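Per-entry structural report
These are the residues of each chain, in order.
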Amino acid sequence: MPLLGLGVYDMYKAEAEQAVEDALAIGYRLIDTASMYENEVEIGNAIKNAGLDRKEIFLTTKLNNTDHGYEAALKAFDDSLKKLGQDYVDLYLIHWPIKEGRAASWKGLEKLYAEKRVKAIGVANYNITLLEELKLTANIVPAVNQIEFSPWLYQEDLLAYCKAAGIQVQSYSPITRGLKFSDERLVLICNKYNRTPAQIVLNWHLQHGISTIPKSSKKERLVENFDATSFTLSNEDVKIMNGFNENFRICDDPQTYL
Ligand SMILES: NC(=O)c1ccc[n+]([C@@H]2O[C@H](COP(=O)([O-])OP(=O)(O)OC[C@H]3O[C@@H](n4cnc5c(N)ncnc54)[C@H](OP(=O)(O)O)[C@@H]3O)[C@@H](O)[C@H]2O)c1
């Protein structure tokens, strides 16, 4: 799985297709969609039109909250594949840990994996308590845990837990949708490296070994964000940014799903 990819939440159909087309031309090879985003058809079209070898692209989609349960998850996966126009996806995630059904849904994902219909299975929005709960009934350790993460939501314990368990952390809302770009401590670091806030923040994720999927439907920002891989923050500056943490969240706290 590439470390840096494109998230396509909140992109309306034609906009999503154009953004994925642009992203693939720029060099992105990881695309993160979801049944909930209602743009799987357009994402599939963009992938087909790119003319790349399918094996070069890492495609993720997710089980919707309304599709939990063993049979429902299997059916939802089929529906997603059909919409995407694909024979397989690289990663299928449980989008949110809906209490009624999350354990049974995981069994469904394990079946899809056993049948080689998906290259990897994982979860999103699982905290340590939820991962411990999953361990009680799961046969397969999730390959990925996709969680909200940023310097302002530095979930050090969850990151360490996932690393120890062999679960790759992937960060969503990694640049806080721009809401923290005027943080003066960040501006100082931007000036030091002559880099944009998005690039500094994305590089911080990469220095932590976290895969990250910033969203943009603007070509110039797709280029800007992709360029976050072309420099390296010093360990000292990574540590300074770790200190930005203030448990700042945009999306729901998974704790409320217990
Ligand atoms: N698993 C989950 O529950 C979950 C939840 C949320 C998100 N996600 C995934 O994670 C992806 C990213 O998260 P996100 O969309 O919430 O937030 P994000 O990537 O932190 O921020 C996206 C926002 O920032 C703007 N932006 C992008 N690049 C920028 C730049 N270089 N400078 C200034 N502004 C910039 C975008 O606007 P423009 O498009 O106008 O550039 C957009 O409004 C989603 O698309 C989705 O795939 C998953």
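As a further point, take helix 4 (residues 102-114). Helix length check: helix 4 (13 residues) gives 18 Å between terminal C-alpha atoms against 18 Å at 1.5 Å per residue, within 8%. Of the residues making up helix 4, those classed as buried are Arg102, Ser105, Trp106, Gly108, Leu109, Glu110 and Leu112. Of the surrounding elements, those touching the buried residues of helix 4 are strand 3 (58-63), helix 3 (70-84), strand 4 (89-94), strand 5 (118-124) and helix 5 (128-137). Downstream of helix 4 by a residue or two, Lys116 has a phi angle that is positive, lying close to 60°.

Glancing now at unusual backbone geometry. Notably, Asn125 is not glycine yet its phi reads approximately 65°, a positive angle. Relative to the assigned elements, Asn125 resides in the loop between strand 5 and helix 5. The phi dihedral of Asn247 is positive, around 50°, even though this residue is not glycine. Following the sequence through the fold, Asn247 ends up in the segment after helix 10 (235-242). Among the residues examined, Asn247 registers a relative accessible area of 58% and is labelled exposed.

A separate point is the packing of helix 7 (residues 184-193) against helix 8 (residues 197-207). The contact between helix 7 and helix 8 brings their axes to 9 Å, and the two run at 95°. Overall, the two elements helix 7 and helix 8 adopt an arrangement that is roughly perpendicular. Of helix 8, the residues touching helix 7 (which contributes Leu186, Ile189, Cys190 and Tyr193) are Pro197, Ile200 and Val201. Split into classes, the residues belonging to the contact of helix 7 with helix 8 amount to 7 nonpolar, no polar and no charged.

A few words now on the side chain of Asn64. When you line up the elements, Asn64 lands in the loop between strand 3 and helix 3. The exposure class assigned to Asn64 is buried, which follows from its relative accessible area of 14%.

Here the focus is the site of the ligand. Every one of the 28 residues lining the ligand counts as a neighbour, but Asp32, Ser173, Lys215, Ser216 and Lys218 are closest to it. The separation between an oxygen atom of the ligand and a polar side-chain atom of Ser173 is 2.8 Å. Ranked by residues supplied to the shell around the ligand, first place goes to helix 9 (residues 219-226) with 3 residues. The residue inventory of the shell around the ligand, partitioned by class, reads 13 nonpolar, 9 polar and 6 charged.

Moving on, we come to the sheet that holds strand 4. Across the sheet, which stays open at both edges, the 8 strands sit in the order 1-2-3-4-5-6-7-8 with parallel pairing between neighbours. Each having just a single partner strand, strand 1 (6-7) and strand 8 (211-212) make up the two edges of the open sheet. Sheet topology places strand 7 (residues 168-172) next to strand 8; 2 bridges connect them, and they run parallel. Bridging from a neighbouring strand, Ser171 pairs with Thr212 of strand 8.

Cut-offs and rules
- Residues numbered from 1 in each chain as written.
- Predicted model: local features only at pLDDT ≥ 70, side-chain atom pairs only at ≥ 80, totals over all residues.
- Heavy atoms only, no water.
- Helix = DSSP H or I, 4+ residues; strand = E, 2+ residues; numbered from the N terminus.
- Expected span 1.5 Å × (residues − 1).
- Buried < 20%, exposed > 50% of the residue type's maximum accessible area, 1.4 Å probe, protein only.
- Contact = heavy atoms within 4.5 Å.
- Axes fitted to C-alpha atoms, helices over the stretch in contact; angles between N-to-C directions.
- Parallel < 35°, antiparallel > 145°, perpendicular 65-115°, else oblique.
- Nonpolar A, V, L, I, M, F, W, Y, C, P; charged D, E, K, R; others polar.
- Near = heavy atom within 4 Å.
- Polar contact = N/O pair within 3.5 Å; in protein donor to acceptor, adjacent residues only side chain to side chain.
- Pairing = 2+ DSSP bridges.

Interpretation note: all reported values are geometric properties and have no functional meaning in isolation.
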